[in-house]
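Architecture and fold: a report
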Amino acid sequence: MHSIYEILLLVLLPLLMIATITALQLNKWKFSGCVYWVLLIYLLANLCVETIAGIRNVIFGLGTDVLYNASVIYEPTAFILIFLAWEKSEQWRKRIGWTLVCFLGFAAANLLFMQGAGKLNSYTYMLACVVLMILCYRQLSTFVVGNLVSEPFRQFVFWFSVGVLFCYLGNLPFLAFYGILSKGDQVREIFTVISIAVNAL
């Protein structure tokens, strides 16, 4: 009998991503070329990582930190590129571009010299949380403060920003205590279920 953790990791998460990829394909005409391709590549990469991680963990009992370290780098990179594509201000485009360069530099340094490949790179993910929350605030402020769009609830960029904000804001406190939470197998499973639920939202 598989636990809820194993079912989420092995079955439900890949199915959720396949459904998302299908929805993206059916509505690709709504996206600019760059945003569509970044989203598609990100979703396909995520599907591969989550499926392989589920098989490694549930069937073979192997660790998944090496796989998730790749995810910790490519996911924020994809989201930063999407915010860069949507940004209208030239000044903010430069800031976002330099932020991406700094993020990738820190991620490489953390992977090579600090936390290493064998441990989940929580420092990189915490930095990604902070960067993406700032970019979400920037994007959402154009709707709320700038009042540039008459119907923000009909805009994909609005819901994307809200989704990313909830996901990364929700993950930040768990990542801050990851060293403590990841010590016991049962606690780690609960942590993973919570993380998956936050990501699904």
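Our subject in this report is the structure included herewith. Source: prediction; values computed, not measured.

**Focus: the environment of V35**
Of note, V35 is situated in helix α2 (residues 33–59). Judged by its relative accessible area of 1%, V35 is buried. Taking the C-alpha atoms as reference points, V35 and W86, separated by 51 residues in sequence, lie 8.5 Å from one another. Residue contacts for V35: discarding those within four places in its chain leaves I82, A85 and W86.

**A few points about the packing of helix α3 (residues 65–86) against helix α5 (residues 122–144)**
Following both chains from N to C, one finds α3 and α5 inclined at 20°, their axes separated by 10 Å at the closest point. Relative to α5, α3 is oriented roughly parallel. In this structure, the crossing between α3 and α5 has a hand that is left-handed. Counted together, V72, E75, P76, F79, I80, F83 and W86 of α3 and T124, Y125, A128, V131, L132, L135, C136 and Q139 of α5 form the full contact between these two elements. Per-class residue counts for the contact of α3 with α5 are twelve nonpolar, two polar and one charged.

**Let's talk about the nonpolar core**
Membership of the largest hydrophobic core comes to 45 residues, with the highest contact counts inside it found for F79, I80, I82, L132, F160 and Y168. Excluding anything up to four places from it in sequence, F79 contacts Y42, L132, F160, V164 and Y168.

**Examining a nonpolar patch on the surface**
Taken together, the side chains of I55, I59, F60 and L62 present a nonpolar region at the surface, about 390 Å² in accessible area. By the secondary structure assignment, F60 is in the loop between α2 and α3.

**Regarding the pattern of salt bridges**
For the coordinates displayed, the defined rule picks out one salt bridge. The shortest N-O distance in the salt bridge between R138 and E87 comes to 2.7 Å. With a gap of 51 residues between them, R138 in helix α5 and E87 in the loop between α3 and α4 (90–114) connect regions that are remote in the sequence.

**Remarks on the state of the cysteines**
Taken as a whole and judged by the stated rule, the model has zero disulfides. As a non-bridged cysteine, C129 has C167 as the owner of its nearest cysteine sulfur, 7.6 Å distant.

Each value, and the rule that gives it
Residues numbered from 1 in each chain as written. Predicted model: local features only at pLDDT ≥ 70, side-chain atom pairs only at ≥ 80, totals over all residues. Heavy atoms only, no water. Helix = DSSP H or I, 4+ residues; strand = E, 2+ residues; numbered from the N terminus. Buried < 20%, exposed > 50% of the residue type's maximum accessible area, 1.4 Å probe, protein only. Contact = heavy atoms within 4.5 Å. Axes fitted to C-alpha atoms, helices over the stretch in contact; angles between N-to-C directions. Parallel < 35°, antiparallel > 145°, perpendicular 65-115°, else oblique. Left-handed = near helix turned anticlockwise from the far one by under 90°. Nonpolar A, V, L, I, M, F, W, Y, C, P; charged D, E, K, R; others polar. Core = buried A, V, L, I, M, F, W, Y, C linked by side-chain atoms within 4.5 Å. Patch = residues over 30% accessible without salt bridge, like charges linked within 9 Å, V, L, I, M, F, W, Y side chains within 5 Å. Areas by Shrake-Rupley, 256 points an atom, 1.4 Å probe, with all protein chains shown as cover. Salt bridge = Lys/Arg side-chain N within 4 Å of Asp/Glu carboxyl O. Disulfide = S-S within 2.5 Å.

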